[in-house]
Structures are given as structure tokens and as C-alpha cells.
Number of protein chains: 2
Amino acid sequence: MSESVVLDTVDLHILRLLQNDARTTYREIAAEVGVAASTCLDRVARLRRSGVILGHQLRLDPAKLGRGLQALLSVQVRPHRRELIKPFVERIRGLPESRSLFHLTGPDDYLVLVAVADTADLQRLVVDEFTSRPEVARVETRLVFQQWDCGPLMPPSSAIPPATRS
Amino acid sequence: MSESVVLDTVDLHILRLLQNDARTTYREIAAEVGVAASTCLDRVARLRRSGVILGHQLRLDPAKLGRGLQALLSVQVRPHRRELIKPFVERIRGLPESRSLFHLTGPDDYLVLVAVADTADLQRLVVDEFTSRPEVARVETRLVFQQWDCGPLMPPSSAIPPATRS
DNA sequence: CTTGAAATCTTCTAATC
DNA sequence: GATTAGAAGATTTCAAG
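- An unreviewed UniProt entry lists chain A under the name AsnC family transcriptional regulator, with Streptomyces niveus as the source organism.

1. Details of the protein's contact with DNA strand C
Line of reasoning, step 1. Near DNA strand C, the surroundings consist of A:Thr25, A:Tyr26, A:Arg27, A:Ser38, A:Leu41, B:Val35, B:Ala36, B:Ser38, B:Thr39 and B:Arg43.
Line of reasoning, step 2. Taking all atoms of DNA strand C within 4 Å of the protein, the share assigned to sugar and phosphate is 75%.
Line of reasoning, step 3. Contact distances for DNA strand C include 3.2 Å between a base oxygen and a side-chain N or O atom of B:Ser38.
Line of reasoning, step 4. The side chain of B:Thr39 places a nitrogen or oxygen atom 2.7 Å from a phosphate oxygen of DNA strand C.

2. Describing the relation of the copies chain A and chain B
Line of reasoning, step 1. With an RMSD of 0.1 Å, the operation that places chain A on chain B is a rotation of 180° combined with a shift of 0.0 Å along the axis. When the rotation and shift are considered jointly, the pair of chain copies conforms to a two-fold rotation axis. Considering only C-alpha atoms, the part of chain A nearest the rotation axis is A:Gln57, at 2.5 Å.
Line of reasoning, step 2. When the interface residues of chain A are mapped onto chain B, 100% of them again lie at the interface, so the same face is used by both copies.

3. Some words on the domain arrangement of chain A
For an interface, size is often stated in terms of accessible area lost upon the parts coming together.
Line of reasoning, step 1. Domain annotation for chain A reports domain 1 (9-57) and domain 2 (63-144).
Line of reasoning, step 2. The straight-line distance from the C-alpha centre of domain 1 of chain A to that of domain 2 of chain A is 36 Å.

4. Some points on the protein's contact with DNA strand D
Line of reasoning, step 1. DNA strand D sits among A:Val35, A:Ala36, A:Ser38, A:Thr39, A:Arg43, A:Arg46, B:Thr25, B:Tyr26, B:Arg27, B:Ser38 and B:Leu41.
Line of reasoning, step 2. Take the atoms of DNA strand D that sit within 4 Å of the protein: sugar and phosphate atoms are 78% of them.
Line of reasoning, step 3. A distance of 2.3 Å is found between a phosphate oxygen of DNA strand D and a side-chain nitrogen or oxygen belonging to A:Thr39.
Line of reasoning, step 4. Side-chain polar atom of B:Arg27 to a phosphate oxygen of DNA strand D: 2.7 Å apart, as the coordinates give it.
Line of reasoning, step 5. Residue assignment for the surface near DNA strand D shows that the elements contributing at least two residues are helix 3 (37-49) of chain A together with helix 2 (26-33) and helix 3 (37-49) of chain B.
Line of reasoning, step 6. In terms of residue count, the dominant contributor to the surface near DNA strand D is helix 3 of chain A (four residues).
Line of reasoning, step 7. Residue composition of the surface near DNA strand D, grouped by class: four nonpolar, four polar and three charged.

5. A few points about the interface of chain A and chain B
Line of reasoning, step 1. Taken together, the contact between chain A and chain B spans 61 residues of the former and 61 residues of the latter.
Line of reasoning, step 2. Both faces considered, chain A and chain B share a buried interface measuring about 6600 Å² in area, 60% of it formed by carbon and sulfur atoms.
Line of reasoning, step 3. Summed over the shared surface of chain A and chain B, the result is zero salt bridges.
Line of reasoning, step 4. Linking chain A to chain B there are 29 residue pairs in polar contact (both at pLDDT 80 or more).
Line of reasoning, step 5. At the level of elements, helix 1 (9-20), strand 1 (53-60), helix 4 (82-94), strand 3 (98-104), strand 4 (110-116) and strand 5 (136-149) of chain A are the ones that each hand at least two residues to the side of chain A that touches chain B.
Line of reasoning, step 6. Here the residues of the side of chain A that touches chain B are counted per class, giving 33 nonpolar, 16 polar and twelve charged.
Line of reasoning, step 7. Two strands pair when backbone bridges link them, and strand 5 of chain A and strand 3 (residues 98-104) of chain B are joined in this way by five bridges, in the antiparallel orientation.

6. A look at the pattern of salt bridges
Line of reasoning, step 1. Tallied over the entire structure, the rule returns 24 salt bridges over all chains.
Line of reasoning, step 2. Between B:Glu83 and B:Arg81 there is a salt bridge, with its nearest N and O atoms 2.9 Å apart.
Line of reasoning, step 3. Assessed through its relative accessible area of 43%, B:Arg81 is described here as partly exposed.
Line of reasoning, step 4. The partner of B:Glu97 in a salt bridge is B:Arg124, with the nearest N and O atoms 2.9 Å apart. Here the residue B:Glu97 occupies a position in the loop between helix 4 (82-94) and strand 3, and B:Arg124 occupies one in helix 5 (residues 119-131), the gap between them amounting to 27 residues.
Line of reasoning, step 5. For B:Glu97, a relative accessible area of 8% corresponds to the buried category.
Line of reasoning, step 6. Given a relative accessible area of 34%, B:Arg124 falls into the partly exposed group.
Line of reasoning, step 7. Among the charged side chains, a network of salt bridges with common partners joins A:Arg91, A:Glu129, A:Arg133 and A:Glu135.

Criteria and cut-off values
- Residues numbered from 1 in each chain as written.
- Chains lettered and ligands numbered in written order.
- Predicted model: local features only at pLDDT ≥ 70, side-chain atom pairs only at ≥ 80, totals over all residues.
- Heavy atoms only, no water.
- Near = heavy atom within 4 Å.
- Polar contact = N/O pair within 3.5 Å; in protein donor to acceptor, adjacent residues only side chain to side chain.
- Least-squares fit on C-alpha atoms with pLDDT ≥ 70 in both.
- Contact = heavy atoms within 4.5 Å.
- Domains from an automatic or database assignment.
- Helix = DSSP H or I, 4+ residues; strand = E, 2+ residues; numbered from the N terminus.
- Nonpolar A, V, L, I, M, F, W, Y, C, P; charged D, E, K, R; others polar.
- Buried area = accessible area lost by both parts, 1.4 Å probe.
- Salt bridge = Lys/Arg side-chain N within 4 Å of Asp/Glu carboxyl O.
- Pairing = 2+ DSSP bridges.
- Buried < 20%, exposed > 50% of the residue type's maximum accessible area, 1.4 Å probe, protein only.

Rendered as C-alpha cells:
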């Protein structure tokens, strides 16, 4: 299902440009990469079909939407059994405050990134949606001072094939 | 700089649709929301100018790009002084393995989400780029079993104004 | 905010390599 | 099989009301 895909330099160039700005037009990409616009369309369609491209997402500023405070909640769910964790995950994903959720190794099972209005809002969230729940054994809250997104996601250089594609 | 912005129901409706799929056309949005396409264009341009919309991003599957393993690294930087942390942050952001970086409250100063090929790659990364660095006092590594993105980011209902905008 | 027209972009087809 | 150029169809964008 999630096997690695063979990408040539054209695919990589297109991905780099689109990661920089997902609204870049096929004409611009074509001019930059040096192929026809219809080829770019083809390549992007293939990258979508093969699952490399999962979707196009809008990045919003939580602070501008009245959610100026972000926090990471480390959560222990006990007992850690399927019939308990599935509803837990679905409930957390559905919270309007949740931004992303990780299932991790280590003593803390889950890490939840939340965006809230202020510390009072955070307290309400932690108490009402986490610590007061029977399946939640422990919650550790850390505030986010600052967050950075990193460079484009690229395959390791060892994974880049020498020249042509299959 | 990051003050909250007044959004009416049209803005919110547009944001919800675009967060669902950032490639939704203005015609579709217009039909759904019940305004003219040019109004949608206007609204989106305004949301961009006001900083609510930070950009359009392509979501990629790391596993398909030969980075099938993700991990979270909790890092203590000592001493925690500006002249040390700025280059640290810039270096981490520049690593091809880094996906996002958080500066946090609590004993661990930074949390880094990284995507690597396998555990050998992760070990190399941790040793070469973290533990062997003089400013890095401690690193704790946790693997990501699974990750979920949560629902659209929306303002708290208390922040939604009654009817009209300025 | 809307309409409607102009400019641009996407997408398809047929032909080529 | 992949790519191209060009045409046809959509979409975006602008000007005017």
C-alpha cells in the first residue's frame, strides 16, 4: 500500500515547485521545468494516483482565527486496548481544538497538538475532554512558544534513481 | 501583528470549503456559498492580505518518498541562550529530514518531527545532527506509529460575530 | 456585490518521437 | 509509452454598474 515510488528528476522538480506554492500553474511549472504543460498535468495526475500527492491544503494562521495559543498534550490511555483507543482517537480528531494527533512509542501513548484561545480555554479543554475521561490515565501539557515548518519533503538522495524511470 | 480578524459567515464558509480541498474552484465555492465568483476571489484575496491564509500547501506521503519512518525528537539545548538557539533552529530547519519544529515550555526545549528511511537512518540523524553537537544536552526519541490530521481549523464559536462585517 | 467580457489556465486530442 | 503543440473548454480576473 505504501511502497516507495520511482520518481525521475522531472517529478522531483515539479514536487519542489508545488511544495513551495501549491497554486503554481502548470504553465509556470512547464516553463521552469522545461516540458510541456500537458506533461506536467500528466505527471501530477500520476503522482496523485500513485499516492505521493495526498492533497492540497490551505495553511491558516490560528492566531488570526482567535486561537492564539497552541499546546501539545501528551496523553496516556489506559488500558491501551483497541476497543478503547479507537473511540478515543475519533473523539480527539473531532474536537475543534485539535490540529494533529500522533500515536507514539514511549510511556505517553498519544501526542495532541491543539489550538485554543487562551489558557482558560486550554484548561477547560484539558479538564473536560482529557483528564475527566475514564480512559485517560495521565495528561502532560506543554505550551508552544513558536512553531516552524521545515523545507520541502524530498526523498533521500540514495532513493533518487540514476536517470530514467520505469 | 497577529490580531484576530473579523470574519463573517461567507468567509467562514469559504475557508471551510478550501480547507477541505484547497483546489476547489471559485465557481464551485460561489455556487455553494451563494455569492458571485468574483466575490469569492475578493474574499480569498482579503483573507490572504490579512494573514488568515498563509499559503497553499501540497500534502505528500513521506512513505511514498522513501521516508517511511517518522519520529519525534525532544531536545534540550544548553545553555538556552539566543546566540545558541538561533543557529540551532536554523540548522534543524535546514535538515532534509525535518518536517516541523516546536519551541516548547517544559524541560525539553524543542520538539522536532523528522521523516527518515529507517531506524539506521534515524540513528545516523540523531547521532550526527543532535547528540554529537555541543549545544545539545539531551535527546529523547519517540517513533510515530500513526499520525492523523484533524478537522478544519475554525474560530471558537464565541469569536463568530453576530451577522455583518465592518 | 453583481454581471459580463477578457485574459489566463487547464485539459483534451491528434500527431510525433 | 511518453511527450508535444495546439485547440477547446473552464476558470480566474477585471472593469463597470
